Amino acid sequence: MATTTSRDGEKKSELTDRPNKRRPGAGAGGLSVADSRPRVIDGQLRGARCTSCRHALIQADTPWCPVCFGEIEPAGFAPIGTVWASTTVRMPVGRWRPPFALAYVDVDDGPRTLVHVRAEPGRHAGDRVEFGTDSGGDLVEVGIVPASADAAAREGDS
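Please read these numbers as outputs of a predicted model, since none were measured by experiment. (Residues numbered from 1 in each chain as written. Predicted model: local features only at pLDDT ≥ 70, side-chain atom pairs only at ≥ 80, totals over all residues. Heavy atoms only, no water.)

A. Region of the structure containing the overall build of the chain. The helix and strand inventory of the chain stands at one helix and eleven strands. Taking all 158 residues of the chain together, 30% fall into the buried category. Taking all contacts inside the chain whose residues are at least 6 apart in sequence as the whole, residues at least 24 apart take part in 38%. When the accessible area of the chain is evaluated, it comes to approximately 10,200 Å², of which 52% is carbon and sulfur surface. (Helix = DSSP H or I, 4+ residues; strand = E, 2+ residues; numbered from the N terminus. Buried < 20%, exposed > 50% of the residue type's maximum accessible area, 1.4 Å probe, protein only. Contact = heavy atoms within 4.5 Å. Areas by Shrake-Rupley, 256 points an atom, 1.4 Å probe, with all protein chains shown as cover.)

B. The arrangement of a nonpolar patch on the surface in detail. Side chains of Trp-84, Tyr-104 and Leu-114 sit close together on the surface and give an oily, nonpolar patch of about 310 Å² of accessible area. In this structure, Leu-114 sits in strand 9 (residues 112–117). (Patch = residues over 30% accessible without salt bridge, like charges linked within 9 Å, V, L, I, M, F, W, Y side chains within 5 Å. Salt bridge = Lys/Arg side-chain N within 4 Å of Asp/Glu carboxyl O.)

C. Examining the packing of aromatic side chains more closely. Throughout the structure, instances matching the rule amount to two aromatic pairs. The interplanar angle of 75° and the centroid separation of 6.2 Å between the aromatic rings of Trp-84 and Tyr-104 together place this pair among those described as edge-to-face. Pair noted here: Trp-84 is in strand 7 (residues 80–89) and Tyr-104 is in strand 8 (residues 100–107), with a separation of 20 residues, a long-range link. By relative accessible area, which is 39% here, Tyr-104 ends up partly exposed. (Phe/Tyr/Trp six-rings, centres within 6.5 Å; stacked < 30°, edge-to-face > 60°.)

Here is the structure:
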């Protein structure tokens, strides 16, 4: 979206007269914009954990814990979790063509994160999924964890 700067330094859209805080990014000749999307690197979902209360965070660059204001440290989480909620999107968004589905996944011993999941058949609350990072940088489902394998893994943890 193209913007102009007024005499008082306020950015305004060329399409409207409302202020606009968006930057065009390096691809459009502006400042580079950090990609804050979570990633799976070397088999681990990269995030952070509070050193005091052990709260898990998906954003590793958070300056302090949002629960207790304690210090945080980098952490890795297994990219497997339980679907908390999901929805199917039936309109195009960016590179995604409809229908596609999104699910909030409660990562085992980790944070809740947004994952692109299979739309047909859709995922439901309670489904166990495994996910990774696709070539576009989004978290995407790579498989569903069968109930029998999940139960065996939990017995092994006991």
